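Structural overview for review
Listed below, chain by chain, are the residues.
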Amino acid sequence: MDIMNLSGNVLEGLYTTMVRIRRFDEKVAELFNAGLVKGTAHSYVGQEAVAAGACAALRDDDYVVGNHRSHGHCIAKGASVDRMMAELMGRETGYCRGLGGSMHIASLDLNILGCNGIVAAGLPIGTGAGLAAKMRGTDRVTIAFFGDGGANQGVVHEALNLAAVWKLPIIFLCENNQYALSTSFNRTTAGESIAARGAGYGVPGVRVDGNDVLAVYEAVRAAVGRARAGEGPTLIEAVTYRWGGHSMRANLPDYRTKEEERVWMERDPIARLAQRLLDAKTVPSLRLKEIQEAVELELDRAVRFATESPEPTVELMEASVYAPHAEVSEPSPKADRQISFAEALNEALRQEMARDERVFVMGEDVGLIGGIFGVTRGLRELFGDARVRDTPISEATFLGVGVGAAVTGLRPVVEVQIFDFVGLMMDQIVNQAAKLRYMLGGRPTVPLVIRGPQGGGIRLAAQHSQSLEAWFVHIPGLVVVAPSTPFDAKGLLTSAVRDDNPVVFLEHKVLYAQKGAVPEDPYAIPLGKADIKRAGRDVTVVATQVMVHRALAAAADLEQDGISVEVIDPRTLVPLDEAAILGSVRKTGRLVIAHEACKRGGFGAEVAALVGEHAIDGLDAPIVRVAARNVPMPYNDSLERATIPTQQDIVAAIRGMF
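Residues numbered from 1 in each chain as written. Predicted model: local features only at pLDDT ≥ 70, side-chain atom pairs only at ≥ 80, totals over all residues. Heavy atoms only, no water.

Examining the pairing of strand β5 (residues 234–239)
Two faces, one strand: in a regular strand the side chains alternate between the faces of the sheet. Among the six residues in β5, six count as buried, and that is most of the element. Neither face of β5 is exposed, since Thr234, Ile236 and Ala238 on one face and Leu235, Glu237 and Val239 on the opposite face are all buried. Pairing geometry for strand β3 (residues 170–176) and β5, over six bridges, is parallel. Directly across from Phe172, in β5, lies its bridge partner Leu235. Regarding topology, helix α8 (residues 213–228) serves as the crossover connection from strand β4 (residues 205–209) to the parallel β5, and that connection is right-handed. (Buried < 20%, exposed > 50% of the residue type's maximum accessible area, 1.4 Å probe, protein only. Helix = DSSP H or I, 4+ residues; strand = E, 2+ residues; numbered from the N terminus. Pairing = 2+ DSSP bridges. Right-handed = clockwise from strand over helix to strand, strands pointing away.)

Comments concerning helix α15 (residues 395–407)
Here α15 is 13 residues long and its end C-alpha atoms lie 19 Å apart, about the 18 Å a rise of 1.5 Å per residue gives. Burial within α15 is extensive, with 13 of its 13 residues counted as buried. Residue Gly409 follows α15 closely and has a positive phi angle near 110°. (Expected span 1.5 Å × (residues − 1).)

Topic: the pattern of salt bridges
Close approach of charged atoms allows side chains with opposite charge to pair. For the coordinates displayed, the defined rule picks out 42 salt bridges. Note that Arg22 and Glu48 form a salt bridge whose closest N and O atoms lie 2.8 Å from each other. Taken together, the residues span a long stretch of sequence, with Arg22 in helix α1 (residues 8–33) and Glu48 in helix α2 (residues 48–56) at a distance of 26 residues. Under the relative-accessibility criterion, Arg22 is labelled buried at 10%. (Salt bridge = Lys/Arg side-chain N within 4 Å of Asp/Glu carboxyl O.)

Quick word on the nonpolar core
The biggest cluster of nonpolar side chains holds 153 residues, and the ones touching the most others in it are Met85, Phe172 and Val220. Counting residues in each nonpolar core, the second largest holds 33 residues, with Val479, Leu492, Val503 and Leu527 among its members. (Core = buried A, V, L, I, M, F, W, Y, C linked by side-chain atoms within 4.5 Å.)

A closer look at the pairing of strand β10 (residues 449–454)
Taken across its six residues, β10 has six buried, putting it largely inside the fold. Residues Val449, Arg451 and Pro453 of β10 are buried on one face, and the alternating residues Ile450, Gly452 and Gln454, pointing to the opposite face, are buried as well. Crossover strand β9 (residues 411–415) to β10 through helix α16 (residues 426–439) is right-handed. Where β10 meets strand β12 (residues 503–508), six bridges bridge the pair, whose relative direction is parallel. Bridge pairing in β12 places Gly452 opposite Leu506.

Focus on the packing of aromatic side chains
Each aromatic ring pair is summarised here by two numbers: the centre-to-centre distance and the angle between the ring planes. Counted under the stated rule, the structure contains seven aromatic pairs. Three or more aromatic residues joined by ring pairs make a cluster, and in this case those are Phe341, Phe373 and Tyr512. Across from the ring centre of Trp243, 4.3 Å away, lies the NZ or CZ of Arg22, which sits over that ring. A cation sits over an aromatic face here: Arg389 above Trp166, 4.6 Å from the ring centre. (Phe/Tyr/Trp six-rings, centres within 6.5 Å; stacked < 30°, edge-to-face > 60°. Lys NZ or Arg CZ within 6 Å of the ring centre and 35° of its normal.)

Describing unusual backbone geometry
Residue Pro575 is bonded to the preceding Val574 through a cis peptide linkage, with omega at -5°. Note that Pro575 resides in the loop between β17 (572–574) and α20 (578–588). Within the chain, Lys281 stands out as a residue other than glycine whose phi angle is a positive 55°. In this fold, Lys281 is placed in the loop between α10 (269–279) and α11 (285–308). Even without being a glycine, Gln545 presents a positive backbone phi close to 50°. Residue position: Gln545 is located in the loop between β15 (539–543) and α19 (546–559). Given the relative accessible area of 5%, Gln545 is considered buried.

This is the structure in structure tokens:
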């Protein structure tokens, strides 16, 4: 790019940004060695031209998504070095209030959607921001930064494909600094370049000198123009070099030659721009020196600000995990109309989509055919393809797209076609959705529903029949819902869609056809409120999903023998209505827990521990768990019946207590 085509203010701004990035990370290294910056940090020194050039091509309302080496991205997007420094020192005045640290630093006020300790995990999230911009009809653009090591993650290819299919306004910017942690790019990456991969997805692939800030600026500016015009994504590979090791903490053997390091350092991006400015007589040398001195004063102030700032409290930490749940009043379940569990879910989605234009549904086969269990049937015809989206078979990425869309103001409902497939989504659920609010200091909301069928009973064998609720109950930041009736299904899904937290909404396949009384008008059931499905005095049964119905049948049998059984359906596993369970156990003195998941490490163990810790003195018998055998779900029908707990198993467990 001809330097004469840019104003002195733009050129001075690029130089200032690069100097600020470099001196910030050099100062961080000093503070790390002095013990003031803890844990680790990843230096951006040597790569300054990429962040400075790329972010200079953006507007303030555009988004960026960083990676674990993102101090430069944040500073280039406008982050103040005082709050940056405070975050790295773990102080409450930091951008993430000391809860995120170097790898997760971000600011939604600056449209920095999060940096990431998981390699390449930000690309699906950035793609979701691009989707939100397109659905809202804006021309906002997202840049998702990733490295040459991250380029080989599957989500990179999935995100490129999905963004290309949907023509989303996003730029995938690979900073090829030649090494992943210690392994050379040349030893790990097939093909002539990362940029060349763009051709496989029908998008432009541009390779640029990442140590030339003007070349980066020109390439990104062209890609931004293309994205704003609705022409879709661009893949840019900026070839650069990090001067230091992988991180400040890594005490690794040398893996690069001194000659290689010398050659790249001679291509110092800051020195190159300074020389071009002097040669073109655009910015005088005295002004460059003034900029350097001003940055030094700025960093000195930042260090003082950070060291004098308070540390976050335990109260702040605990309050940052969940957004508050809405307070709602549950209506009476009585209604003349009988509809199925699947129809109740469909009605909740239809009513919420009509009520709130931010709600949309996304997943495999949810649009044209309405989902393989029919839960989204008819929604596409009512709300159109834009709000009922059939996705590629790219579970990790379309779930991450949901995270990005949620953080940028929409309310996605993501269907997992069969809940066993959630294993492919676990990073985006556990490390992204569940932790994003917390890592950003408890400020953002992530209003995302992840719903779909789990459980056995219809002969789908080991990879299509698991009950996995215990996985999600273990993760702070997730709400976990498991309804057992059509009435509960509609009211709880309504609450889930309206909630400002990521909700894992579990639907049992066997229940889809079950019918029950459901009011036609919209209603919500409060999260965290159990339902006593049957009152009793002699024994408490805490049951979930299908087991609720088997427990009720068991209670009816035992009533003939004079045994009075109280059946409690938690309905939401997180938050759990502990008071309802403990109150019932204190009344009856006995507890049976029934769920379909394997016994070992299942949700029943958590309920048993709760009662053991808080109500053991009132127990008249040991706690008993009724659960599936500790085997994968078999295909053979008689073996499947032998694996899943039955009504008779619950009866036997209760009788054994007397």
